[in-house]
Amino acid sequence: MKNQIKLRSGATICQLRPEEADKKKYLTRHSLSKMHLMPTGEPVAYDIAPDGNIIYYFDPSRVTEAPPETWYFPRSKQETMTLPGGSIIERMSVKNAATRGYYTAERLEKMHYETVEEPVAYTYKADKSVLYFYDKKTAKRLPLMCVQCGKDIRYRKKLCVSCYEKDLAVRREEGNAYRSAAYNMDRAKVLFFDLELTGFYDHDEILSITIIDGFGNSIMDTLVKPVSTKSWKRTEEIHKITPAMVKDAPVLEELKPRLKEIFADAENIIAYGVSTDYSHIKHIYEDEAEREEFHKKIRCCANEFVRYTHENRPDIVHASLTDAMSCFEIEWEGVAHSSVADTLGCRKVWEALFPNYYCN
Ligand SMILES: [Zn+2]
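From a predicted model like this one, the values you see are computed outputs, not experimental measurements.

Colleague: For this particular structure, what's the right way to read the coordination of the zinc ion?
Modeller: Each donor-metal-donor angle would ideally measure 109.5 degrees in four-coordinate tetrahedral geometry, or 90 or 180 degrees in six-coordinate octahedral geometry. For the zinc ion, the protein coordination sphere consists of Cys146 (SG), Cys149 (SG), Cys160 (SG) and Cys163 (SG), at 2.2 to 2.3 Å. Each of the 4 donor atoms around the zinc ion contributes to a set of angles spanning 102 to 117 degrees, which defines the coordination as tetrahedral. All donors of the zinc ion belong to a single chain; written as a sequence motif, their spacing is C-x2-C-x10-C-x2-C. Note that Cys149 is positioned in the loop between strand 14 (140-141) and helix 6 (161-180) and Cys160 in the loop between strand 14 and helix 6, a separation of 11 residues in sequence. Using a relative accessible area of 29% as the deciding quantity, one classes Cys149 as partly exposed.

Colleague: What is the right way to look at the packing of helix 6 against helix 12 (residues 301-312) in this model?
Modeller: Geometrically, a packed helix pair is captured by the angle between its two axes and the distance between the axes. Interhelical geometry of helix 6 versus helix 12 gives an angle of 140 degrees and a closest axis separation of 9 Å. Comparing the axis directions of helix 6 and helix 12 gives the class oblique. As helix 6 runs across helix 12, the sense of the crossing is left-handed. Judged by residue contacts, Leu168, Arg171, Arg172, Glu174, Gly175, Asn176, Tyr178 and Arg179 of helix 6 engage Glu304, Arg307, Tyr308, His310, Glu311 and Asn312 from helix 12. For the contact of helix 6 with helix 12, a count of residues per class yields 3 nonpolar, 4 polar and 7 charged.

Colleague: Even after reading the chapter, I still don't get the pairing of strand 6 (residues 54-58), so can you show me in this structure?
Modeller: A regular strand carries its side chains on alternate faces of the sheet. In terms of residue burial, strand 6 counts as a mostly covered element, since 5 of its 5 residues are buried. The alternating pattern of strand 6 places Ile54, Tyr56 and Phe58 on one face and Ile55 and Tyr57 on the opposite face, and all of these are buried. Bridging between strand 3 (residues 27-28) and strand 6 involves 2 bridges; their strand directions are antiparallel. Its bridge partner lying in strand 6, Thr28 is registered against Tyr57. Between strand 5 (residues 45-48) and the antiparallel strand that follows it, strand 6, lie 5 residues; Gly52 among them carries a positive phi value of about 95 degrees.

Colleague: Would you take a moment to explain the nonpolar core for this structure?
Modeller: For soluble globular proteins, nonpolar side chains are generally found buried alongside one another. Core analysis: the biggest nonpolar cluster contains 49 residues, and Ile209, Ile211, Leu259, Phe263 and Ile281 have the highest contact counts within it. It is strand 15 (residues 190-197) that provides the largest number of residues to this core, a total of 6 residues. The residues contacting Ile209, other than those within four sequence positions of it, are Asp194, Leu195, Met220, Asp221, Thr222, Val224, Leu252, Leu255, Leu259, Ile281 and Ser339. Membership of the second largest hydrophobic core comes to 7 residues, among which are Leu7, Ile13, Tyr46 and Phe58.

Colleague: How should the packing of aromatic side chains be read in this particular structure?
Modeller: Scanning the entire structure with this criterion turns up 18 aromatic pairs. Summarising the aromatic geometry, the rings of Tyr155 and Tyr164 are spaced 5.4 Å apart at their centres and angled 80 degrees between planes, so their arrangement reads as edge-to-face. The class of Tyr155 is partly exposed, set by a relative accessible area of 39%. Here Tyr164 falls in the buried class, since its relative accessible area comes to 6%. Here Tyr285 and Phe294 contribute two aromatic rings whose centre-to-centre distance is 5.3 Å and whose plane-to-plane angle is 45 degrees, an arrangement assigned as tilted. With respect to burial, Tyr285 and Phe294 carry one shared label: buried. Three or more aromatic residues joined by ring pairs form one cluster here, namely Tyr178, Tyr183, Trp350, Phe354, Tyr357 and Tyr358.

Colleague: When you look at the pattern of salt bridges in this model, what are you seeing that I'm missing?
Modeller: Any two side chains of opposite charge can pair, on the condition that their charged atoms come close. Enumeration according to the criterion identifies 20 salt bridges in this entry. Glu286 is the salt-bridge partner of Lys256, the closest N and O atoms lying 3.3 Å from each other. Here Glu286 lies in the loop between helix 10 (274-281) and helix 11 (288-297) and Lys256 lies in helix 9 (residues 252-265), a separation of 30 residues in the sequence. Classification of Glu286 as exposed rests on a relative accessible area of 52%. The partner of Lys348 in a salt bridge is Glu333, and the shortest N-O contact between them spans 2.6 Å. On the criterion of sequence distance, the pair formed by Lys348 in helix 14 (residues 339-353) and Glu333 in the loop between helix 13 (321-327) and helix 14 is long-range, its members being 15 residues apart. A cluster of three or more residues bridged by salt bridges with shared partners is formed by Arg29, Glu117, Asp135 and Lys137.

Colleague: Is there a simple way to explain the domain arrangement of the protein in this structure?
Modeller: A common way to state how big an interface is: give the accessible area lost once the parts meet. In terms of domain boundaries, the protein breaks down into domain 1 (4-141) and domain 2 (181-353). Relative placement of domain 1 and domain 2: their C-alpha centres are 61 Å apart.

Colleague: Would you explain helix 10 in this entry?
Modeller: An α-helical turn contains 3.6 residues, so any two residues separated by three or four positions project in the same direction. Burial of helix 10 is extensive: 6 of the 8 residues sit out of reach of the surface. By the burial criterion, the buried members of helix 10 are Val274, Asp277, Tyr278, Ser279, His280 and Ile281. Next to the buried residues of helix 10 lie strand 15, strand 16 (206-213), helix 9, strand 18 (268-271), helix 11 and strand 19 (298-300).

Colleague: For this particular structure, what's the right way to read the sheet that holds strand 19?
Modeller: Where strands meet in a sheet, backbone hydrogen bonds hold them as pairs that are either parallel or antiparallel. The strand order across the open sheet formed by 5 strands is 17-16-15-18-19, and the pairing between neighbours is mixed. Whereas interior strands pair on both sides, the edge strands pair on one side only; in this sheet they are strand 17 (218-223) and strand 19. On average, each strand axis in the sheet is inclined to that of its neighbour by 25 degrees, with strand direction left out of account. As defined by bridge partners, strand 15 adjoins strand 16 across 7 bridges and the pair is classed as antiparallel. By the bridge assignment, Leu195 is partnered in strand 16 with Ile209. Each of strand 15, strand 16, strand 17, strand 18 and strand 19 touches helix 14; the most contacted strand, strand 15, lies at about 140 degrees to it.

So, how was this worked out
Residues numbered from 1 in each chain as written. Predicted model: local features only at pLDDT ≥ 70, side-chain atom pairs only at ≥ 80, totals over all residues. Heavy atoms only, no water. Donors = N, O, S within 2.8 Å, 3.2 Å for Na, K, Ca; no water. Tetrahedral: all angles 85-135°; square planar, octahedral: opposite > 155°, others 65-115°. Helix = DSSP H or I, 4+ residues; strand = E, 2+ residues; numbered from the N terminus. Buried < 20%, exposed > 50% of the residue type's maximum accessible area, 1.4 Å probe, protein only. Axes fitted to C-alpha atoms, helices over the stretch in contact; angles between N-to-C directions. Parallel < 35°, antiparallel > 145°, perpendicular 65-115°, else oblique. Left-handed = near helix turned anticlockwise from the far one by under 90°. Contact = heavy atoms within 4.5 Å. Nonpolar A, V, L, I, M, F, W, Y, C, P; charged D, E, K, R; others polar. Pairing = 2+ DSSP bridges. Core = buried A, V, L, I, M, F, W, Y, C linked by side-chain atoms within 4.5 Å. Phe/Tyr/Trp six-rings, centres within 6.5 Å; stacked < 30°, edge-to-face > 60°. Salt bridge = Lys/Arg side-chain N within 4 Å of Asp/Glu carboxyl O. Domains from an automatic or database assignment.

Okay, structure coming up:
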């Protein structure tokens, strides 16, 4: 079996002897640069130079013209250097090297790359020592280090496993203290609500509203007749509310006074994923100040569940109401995805998250 190496893209290429590469018409960087060309594709094969560096072979059908500023670079007094592997590389300025994507090993290391290929160009430093340039495209991507300790490879949130675990333990302790705190809420003044809609956008309309209190009492549970939407096939499949069902239901306008009364009395109003619900229920209020007042009372059960899973159950990656209910082993009451069942489910999830929420 032939020697192989894996490229950054995941592709594997084989080692070829120069005569084998010749037969396939593959070209090295050196032969390409003599034709003022540079590769656009990844290497298709490689060989190892006597100094241990890699020499890549490129497919001649995947090349482009090298930028003129690099090949017009002082041609008359052009200087070259022969590497131990036989490749001839050109002297070029740092700026010209950068236009081709060539950098020094030191610069590449700062970008978290390690060089494996032989240099592709060079220049002289002020002290006359040689400075080599390497192609970033074929350099090896180094694993990123932990931003906290700098010693280990990153795992999550830019931290290594042990720094991440330490950070998580602190967050978990804070989160658990926040969730288990006593909130002294009056069950009668805590409301849970859910809406079913004709669709997922702002112009969509409300089809049903369910509101319950902290005791689980039903405060409002009604279908709503949309004013301008006649059918909602896509969402109908989810919540099962048909146009015929809402034919004789009240329109939102008629429900406004009662809704305002209910919400005015509440201290906290909780929903699962409030942003959609808020953007539709807010229309019962005419002015911004009223909406602002209402928004202050809203709590999002989904946000709290996401925080809980991040801190305690990193194995849970989705945060739908169904996910939250199964996390706490809560059974659905009624038809899942109806506003009643969702509201009841939301209340139970909230109470699982905040076990000392009420005073009564
Ligand atoms: Zn670390």
